[in-house]
Each structure stands twice: as structure tokens, then as C-alpha cells.
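What follows is the residue order along each chain.
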Amino acid sequence: MSFMTAQWIFLCVATILLPANRAAGEFQAMAEKFRITDPAIIEASGMAVSCDNPNFLWIVNDSGAAPEIHLVQTDGESRGKLRILDAENRDWEDLNSFKLDGKSYLLVADVGDNAAKRETYTLYILQEPSLPAAGKLLDSTLRSSWQIQFRYEDGPRDCESVAVDVSDGKIILLSKRTLPPAVYELPLRKPKKDTILTAKKVGQTAVKAPAVRAIPFCNQPTSLDISSDSSFATVVTYYSVFLFSKSSKQSWAQAFAQNPIILQPHGLAQAESVAISEDGKTIYTISEGKNSPLKSYHRK
């Protein structure tokens, strides 16, 4: 039995035996109706909801793939792709959408580092292109608006979870392979030319799923998103989706130190992408692999 097959079995059992936390912030798991149909999306490692249309999702593939962002509808239908001309997919591991100064942006996080030996990491920030009209496919190219080169203050780290808090002007990163996962911060704004920034460690997270210890890596963050109003963050692991609430008086270090709300297990084979809708009412997550189910959680 392969690792992924065994993991899928454990996840399904957990989904049946473990009810969702009743304090789960009103989010309820929805029945799976759709799958990602784009044959080019085979190793989804990051996802973001378009800031300009909530019916569109942007998705990136993992390391070694072309420097492209794929566009799909929330019903899974493929709507084209965007190629970034000045980018390299060394190990893309997350994707974010956000609005800044009245413009819509996407952030591509080239931050994967399984062996923890990279000297620097890169964040590509680009203006979200116009979405295709009905019946049309996007086929476009674009250069990044700015790039952020950085390193961690305490040495190389593997990371698959990156999010943007526009109100605070910060980028938040969660390490994957440290226990517990560490929280880092970077400034969002364009740095001075040729500057390599330092991601500052500000705390650690309380991601924990003790009831499913048999699932390998169930407490490792594989994607992160922050709601547009900065009131909560969502972290996905190979087990489930975790919600961290944040008050206006708290820092993200304080918010992630709190015990999270755990939503009903997603049951996906290898979930590495999570995204929150602009209105904060829907959370999406998908798995690596072809034709991934599009799992969603919704609140009224």
C-alpha cells in the first residue's frame, strides 16, 4: 500500500469518526460537486480566489513546472493560464490574492525547500490580469510588478504557507517541517533594488490534530490564507483546515499562538492549497494530483 493510499484511508476514517468542532465559526463542509478538470494542473501547491470575480480561482503547480498560473472557475472548469515572463518555478508552494491601493494583485511564493539548504527565496507580486469573457480562455503573459528576495533570520526553512495582510502591510509565512511550525513576517511593499530582506521569526503556531496521529505529517502546514478583513486565517494540513481568529488588537504572532478551530476533515489525499473568498464566507481547498475534488466550507 502506498503512502498516499494509506493516508487517504486514514483521512476517510477520521472524517467518519470525528465530528466537526461545534465551535467552527459557522463554517460547514459542503458536499463535493466539482473537480479540477484542467489536465495541466497535476500538482497543485497553491490557490487564490480572484479579487475581481469570486467565481474564478488561480492555481499554481509545484516545483519544476512552467512559471504559469492556471485559471479555473469554482465549478472546476478550466479558463486558461497566465505565464510570468520574469519568473522561475524553482519550488512554488503557495499563491495569494489581495488588493493594494485599489489594484488587484497575485503573490506567487517560491519558498519550498525540502532539504532546508536554499540561500534565498523569492516572492513574485504581479497585478491580476483582466479575466476572460464568457466562452473565452485566458492565454496571456505578464511580468511581475515587483519581487521580494529574502532569507530567514535563523537559517533556511522549508515553507509552503504564505499569506498577505494588507491592513498590516505584512507577509506572513509558516514553516512546515519545524515542530511546532514557526511564524515569520516580511514587509509587503516593494523593497529597494537588489535588497535581500530578512524574514523575522515572531512566534509559533498551535496547529495540532492529536486524534489522527497515525496520519503522517498531519500537523504540517501546507498552505495559508488570511481573510480580506484580516479577522481570521486558515491553514490547511494533510488532515484538515484550521481557523485562527484575530482581533484588531492582536498581532498574527498572538493569533497563531491560540488554539485553532478545526473544521471537519477534508478527506483529500494530499491537500496543499487553501483559499478564502473575498467576502470571507467560503474556504476552498484542493489536493495534488489530477482531477482533484474541489472541497469547500461555507458559512451563511
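In this convention, every chain numbers its residues from 1, walking through the sequence in written order. Only residues with pLDDT of at least 70 get local features here, since the model is predicted, and only at 80 or more are side-chain atom pairs given and counted; chain-wide, interface and lining totals rely on the full set of residues. To get the side-chain values, take all heavy atoms of the structure and skip hydrogens and water.

With reference to specific residues and values, describe the environment of Thr237.
Think of it this way: any DSSP run of H or I at least four residues long counts as a helix, any run of E at least two long counts as a strand, and we number them from the N terminus. Mapped onto the elements of the fold, Thr237 is located in the loop between strand E16 (232–236) and strand E17 (241–245). The rule is simple: take the accessible area with a 1.4 Å probe, protein chains only, and divide by the maximum for that residue type; under 20% is buried, over 50% is exposed, in between is partly exposed. Taking relative accessible area as the criterion, Thr237 reaches 0% and is therefore assigned buried. Thr237 sits 13 residues away from Leu224 along the chain, and the two C-alpha atoms are 9.5 Å apart. Contacts between residues were defined by any pair of non-hydrogen atoms, one from each residue, lying within 4.5 Å. Once residues lying within four places of it in the same chain are set aside, the contact partners of Thr237 are Val207, Cys218, Asn219, Gln220, Pro221, Thr222, Phe242, His266 and Ala271.

Let's hear about the sheet that holds strand E13 (residues 182–187): which residues, and what values?
For two strands to be treated as a pair, DSSP must find at least two bridges joining them. Spatial strand order, E6-E7-E8-E10-E14-E13-E12-E11: 8 strands in an open sheet with mixed pairing. One side of each edge strand has no neighbouring strand; the edge strands of this open sheet are strand E6 (92–100) and strand E11 (159–165). The sheet shows a mean angle of 30 degrees between the axes of neighbouring strands, direction not considered. One ladder, built from 4 bridges, connects E13 with strand E14 (residues 196–204); its direction is antiparallel. Note on E14: the bridge partner recorded for Ala182 is Gln204. As a rule, the C-alpha atoms of each element are fitted with a line to give its axis, helices using only the stretch in contact, and angles between N-to-C directions run from 0 to 180 degrees.

I'd like to hear about the nonpolar core, residue by residue, with values.
To qualify as a nonpolar core, a set must consist of buried Ala, Val, Leu, Ile, Met, Phe, Trp, Tyr and Cys residues joined through side-chain atoms within 4.5 Å. Counting 24 residues, the largest nonpolar core has Leu107, Leu123, Phe150, Ile171 and Leu173 as its most contacted members. By residue number, the principal contributor to this core is strand E10 (residues 146–152), which donates 4 residues. When residues no more than four places from it in sequence are discounted, the contact partners of Ile171 are Leu107, Leu123, Ile148, Val162, Ala163, Val164, Tyr184, Glu185, Leu186, Pro187 and Leu188.

Before we move on, can you summarise the side chain of Ser292 with the specific residues and values?
Topologically, Ser292 is positioned in the loop between strand E20 (282–287) and strand E21 (295–298). Not counting the four nearest positions on each side in its chain, Ser292 is found in contact with Phe34, Arg35, Ile36, Ile286 and Ser287.

If you had to explain the environment of Ile226 to someone new, which residues and values would you point to?
Among the structural elements, Ile226 can be located in strand E15 (residues 223–226). Ile226 sits 18 residues away from Phe244 along the chain, and the two C-alpha atoms are 9.3 Å apart. Discounting residues that sit within four places of it in the chain, Ile226 has contacts with Ala163, Val164, Asp165, Ile172, Phe232, Ala233, Trp252 and Ile276.

Describe the side chain of Lys246, listing the residues and the values that go with them.
Residue placement: Lys246 occurs in the loop between E17 and helix H2 (252–257). Charge counting follows a simple rule: Lys and Arg are positive, Asp and Glu are negative, and His as well as the terminal groups are ignored. What counts as a salt bridge is simple: a side-chain nitrogen of Lys or Arg found within 4 Å of a carboxyl oxygen of Asp or Glu. No salt bridge is formed by the buried Lys246; its nearest oppositely charged neighbour, Asp165, is found at 4.7 Å. Residues adjacent in sequence count toward polar contacts only when both atoms are side-chain atoms; beyond that, a polar contact is any pair of N or O atoms within 3.5 Å, and within protein one must be able to donate a hydrogen and the other to accept it. There is a polar contact of 3.1 Å between the side chain of Lys246 and the backbone oxygen of Gln250. Contacts of Lys246, omitting those with residues within four sequence positions, involve Ser230, Ser231, Phe232, Ser251, Trp252 and Ala255.

Can you lay out the sheet that holds strand E9 (residues 138–142) for me, pointing to particular residues and giving the numbers?
Read across the open sheet, the 5 strands follow the order E2-E3-E4-E5-E9; overall the sheet is mixed. Where the open sheet ends on each side, the last strands, each with one partner, are strand E2 (44–49) and E9. If you compare each strand with its neighbour and ignore which way they point, the axes differ by 25 degrees on average. Taken together, the 5 bridges between strand E5 (residues 78–84) and E9 define a ladder with parallel strand orientation. Each bridged residue has a counterpart across the sheet, and for Lys81 the counterpart in E9 is Asp139.

Lay out the pairing of E17 in plain terms, naming residues and giving numbers.
For a regular strand, the rule is simple: side chains alternate between the two faces of the sheet. The buried fraction of E17 is high, at 4 of 5 residues. Of the strand pairs in this sheet, E16 and E17 are connected by 5 bridges, and their pairing is antiparallel. When the sheet's bridge partners are listed, Thr234 is paired in E17 with Leu243. In sequence, E16 turns back onto E17 through a hairpin of 4 residues. Two elements, E17 and strand E18 (residues 261–262), share 2 bridges in a ladder whose sense is antiparallel. Bridge pairing in E18 places Phe242 opposite Ile262.

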